[in-house]
Amino acid sequence: MGKFFAVILVVVTLASAYPIVTHKYVQPVDISTHGHAIDEQLADTMAEGGFAFVGAQLLLAFFVWKFSSRKDGSKVKHLPGGAKLVVATAFILVGTEVLALGVLGQKAWADVYFTPPKADALQIQSQAGQFAFYFRYPGADGKFAPLHPDKIDEGNGNYFGLDPANDVEARDDIVAAELTIPVNREIHLLLHAKDVGHSFYVRELRIQQDFVPGLDLSLHFTATKTGKYEIVCTQLCGLGHYNMKAYLNVLPQEDFEKWLKDRAAEQ
Amino acid sequence: MEEAAVQPTHVHAPPEGFLRKYVFSLDHKVIGKQYYGLALVSVFIGMVLSWLMRFHLVWPEVKVHGLEVLSASGAPGGVITPEYYLSLLTMHGTLMVFFVLTNAPFAGFGNYFLPIQIGAEDMAFPRFNMMSFWTTFVAFVVLVLAFFIPDGPPISGWTAYAPLSAVGKDAGPGLGWGQNLWAISIAIFCIGQLLGSLNFIATTLDLRAKGMTLMRMPICTWAWFITSCIGLLAFAVLLPACLLLLLDRMAGTSFFIPSGLVVSDRLQNHAGGSPLLWQHLFWFFGHPEVYIAILPAVGIVSHVLITSMRKPLLSAKVLIYSMLSIGFLSWMVWGHHMFVSGMNPFSSLLFSFPTLTITIPATIITLIWLGSLYGANIQINSASLFALGFVSMFVSGGVSGFFLAQPSIDIYLHATYFVVGHFHMVMGVAAIFGILSGTYFWFSKMTGRMMNDSLGKLHFWITFVGTYCIFMPFHYLGLVGNVRRYASFVDDFMAPLMPVHKFVTIAAFVTGAAQFLFLYNLIYSRFRGQLASENPWHGTSLEWSIPSPPPWNNFGDKHPVIFHDPYQYGVKGSKGDFVMQDSPEQIVGG
């Protein structure tokens, strides 16, 4: 019966590792300038974690195969080196791994969070509310008008609570339901939550950041490939959470400018 | 500690009458069984909820007959609505984490065996003990009540993130009285756990028999002791957090709600609160809670493995120190749940290092088990199979934790099925394997009868392979970017992944169905099982020195005296290859 356990465990282990080894399930294409650092970190961790997973499971299977249901009176033996060997192995192997990945990983994290956006980054505001994203461009004056929560009127398309009657800056603000951006230009996205917590996740951008009500958060990224990608909410926000998504349109610079001009004319 | 050996003649009088014997019992053994029973009811409810969720994910339009009776609005005509899916998700998580993973391995087995393993007649405070169970029971009733009120259960998940959980019914169904009941239930639950933890600590420190030094306590007693220390601190934070949440909801305060929120077109009358405060308080409890679930299982599995291997561990001391360091480190890592929450990105680095460091004691524990298996004489039975399965799950769940501990990778994997796979394996399934191993092992002591081993093995094979079939694919889905907590997958992106979800759902049904084998075995063996001897597994710790089931005062009128470390196996004793802890005989060889 112990041998049967060993066989089952080996099968389970190899079957678990197979889709990873054959790259059956991998991240969608990376379209950001920082994403490769995250992907490399993930790949390194997968290699080391995979080795630990397969190694430990096979060792377990081997020992159970060899040392189960032996003849009565079989004398038990002890591992040469004993607990000292175990503790030393754990400290050296895992300690090195922890330090290496810990330190390397900080570089990828720093790329995203510790480098401020460039001065010429394009500022766009994103508002998340149950259950839609809206995006606001500052318009010709380059300024975002202040928000007035009491002025929000979704029925009349005032999603952000702008007050163009009193705020001059609000008159040229452009509001859209999709995030349209130029390729190869840094975007500085300002996050604003209207009601409860939400999150901004674009798999291809390797970006995920919560919207926290009452907290002004921002993130910055540069998309390097044109195309249409999904933005999904990843913070449980209520009954329509599963359906809260928007699209990210990455356009060539000139197409983006044209789009912006057309939108400005419409509003 | 000499005075610890002097015990009062009897902690309480022998129970008389049905109520005192079986309902409001002061006997730690009855209370342990009550906790276990409550966990058993909860785990089957939780499992059925997970079935409904898995069913809805892959066959969203298909009716579940009879469900409309439970909730006419949540499942009109038997078809689950997206909001009801979230209700099921919230209740599944809450029941499993609180009422199963905390109740069974810690409060259930701990109550039954901790006093016996240290040679005590009962817990230090039997009345507190009774109160702690009945408080927990009330918490359970209050929580389940949410299914039967018009508002329905909350939809904010077991983590109840504010302000979704705090602003009230404007935010969605279930967030009115449903959420109130949730917060009240968890607050009551905390009180029960605080009473229980205090009792465990006092009992361990004060009621040990003569000769039972701390290092002579069995590993599972150590695990329960460390867990109770964690529980005392963790639940002491969750309790006020729940009270603040209730105040926000009912008294108009704004601990977790900032100004200017417009929910369902209504400007909320709150100002000055912080949603991140709830997350900090919740995870300050929430991460140690993972160890509250897993450490008792580590202890139980070590105890079962040693007995099944017929040799001591390479070093019980190293294993105990590793558990202690995990317990200590568990207080410094809560922020790893919040890497992308908007807290200062520098603190992510601070939270990442202790999280990665926890891998070291966890690896030591695993290698101690593996190294101890070398040269052993492993007896294969239902209990040892589940213990070996636990080791496998502990490795699988631990490895994936290594990914999520790194903030940079977490940017991509956060809130995906990778996380769901990770915590189900290490906290859910591994802990449940610990509970099952303990059940097959100690059933004989608790009832006086043996469980059916063939049925137990069949249960193991299906459960072991089944859980891998369910939770391994979750990791693959997460790697591709499949987001969790979605009631249905409407993204274009999800279409090619649906076959994987179907496979998982089928695996969940099969694996779940196998749990009824266990239930049948449990009930059948309770009444018809083979009669058990005092020491069927040739164990060495004190629970095997008394009759099965033990008398109301555990040791009769004896006061056990301890002569040995807990695991004297592979030695020449008068009874075989082992010497019991309370046996005065000298140990020859080793």
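Conventions used here
- Residues numbered from 1 in each chain as written.
- Chains lettered and ligands numbered in written order.
- Predicted model: local features only at pLDDT ≥ 70, side-chain atom pairs only at ≥ 80, totals over all residues.
- Heavy atoms only, no water.
- Patch = residues over 30% accessible without salt bridge, like charges linked within 9 Å, V, L, I, M, F, W, Y side chains within 5 Å.
- Areas by Shrake-Rupley, 256 points an atom, 1.4 Å probe, with all protein chains shown as cover.
- Salt bridge = Lys/Arg side-chain N within 4 Å of Asp/Glu carboxyl O.
- Helix = DSSP H or I, 4+ residues; strand = E, 2+ residues; numbered from the N terminus.
- Pairing = 2+ DSSP bridges.
- Axes fitted to C-alpha atoms, helices over the stretch in contact; angles between N-to-C directions.
- Contact = heavy atoms within 4.5 Å.
- Phe/Tyr/Trp six-rings, centres within 6.5 Å; stacked < 30°, edge-to-face > 60°.
- Buried < 20%, exposed > 50% of the residue type's maximum accessible area, 1.4 Å probe, protein only.
- Lys NZ or Arg CZ within 6 Å of the ring centre and 35° of its normal.
- Polar contact = N/O pair within 3.5 Å; in protein donor to acceptor, adjacent residues only side chain to side chain.
- Domains from an automatic or database assignment.
- Buried area = accessible area lost by both parts, 1.4 Å probe.

Peer 1: Sorry, what's going on with a nonpolar patch on the surface here?
Peer 2: Together, Phe18(B), Leu19(B), Tyr22(B) and Phe24(B) line one region of the surface with nonpolar side chains, adding up to about 470 Å² of accessible area. Checked against the element boundaries, Tyr22(B) lands in helix α1 (residues 17-23).

Peer 1: Can you walk me through the sheet that holds strand β1 (residues 122-129) of chain A in this structure?
Peer 2: Through backbone hydrogen bonds, the strands of a sheet pair up, either in parallel or in antiparallel fashion. Residue and element names in this part refer to chain A. Strands sit in the order β3-β2-β1-β5-β8 across an open sheet of five strands; the sheet is mixed. This sheet does not close on itself; its edge strands, each paired only once, are β3 (174-176) and β8 (217-222). Strand-to-strand twist in this sheet, taken as the mean axis angle between neighbours without regard to direction, amounts to 25 degrees. The strands that helix α4 (residues 253-266) touches are β1, β2 (132-137) and β3; relative to β3, the one it contacts most, it runs at about 105 degrees.

Peer 1: Would you mind going over the packing of aromatic side chains with me for this structure?
Peer 2: Aromatic ring pairs: the centre-centre distance and the angle between the two ring planes describe each pair. What the rule picks out here adds up to 73 aromatic pairs over all chains. With a centroid separation of 6.0 Å and 10 degrees between ring planes, the pair formed by Phe441(B) and Trp537(B) is classed as stacked. Of this pair, Phe441(B) sits in helix α13 (residues 417-447) while Trp537(B) sits in the loop between α15 (498-528) and β3 (568-573), and the two are 96 residues apart along the sequence. Classification of Phe441(B) as buried rests on a relative accessible area of 2%. The lysine or arginine in question, Arg136(A), covers the ring of Phe160(A), its NZ or CZ lying 5.3 Å from the ring centre.

Peer 1: Can you walk me through the interface of chain A and chain B in this structure?
Peer 2: A common way to state how big an interface is: give the accessible area lost once the parts meet. Taken together, the contact pairs 100 residues of chain A with 101 residues of chain B. The interface formed by chain A and chain B includes one salt bridge. Summed over the shared surface of chain A and chain B, the result is 19 residue pairs in polar contact (both at pLDDT 80 or more). Sorting the residues of the side of chain A that touches chain B by element identifies α1 (2-21), α2 (35-67), α3 (82-113), β7 (207-211), β9 (227-232) and β10 (245-251) of chain A as the ones contributing at least two each.

Peer 1: Can you walk me through the domain arrangement of chain A in this structure?
Peer 2: All names here are of chain A. Domain boundaries assigned for chain A yield domain 1 (2-69 + 78-113) and domain 2 (122-266). Computed from C-alpha atoms alone, the centre-to-centre distance between domain 1 and domain 2 is 39 Å. Domain 1 puts 14 residues into the contact, and the matching count from domain 2 is 16 residues. Taken over both partners, the interface formed by domain 1 and domain 2 buries close to 1,200 Å², and the fraction arising from carbon and sulfur atoms is 55%. Within the residue set of the side of domain 1 that touches domain 2, elements represented by two or more residues are α2 and α3.

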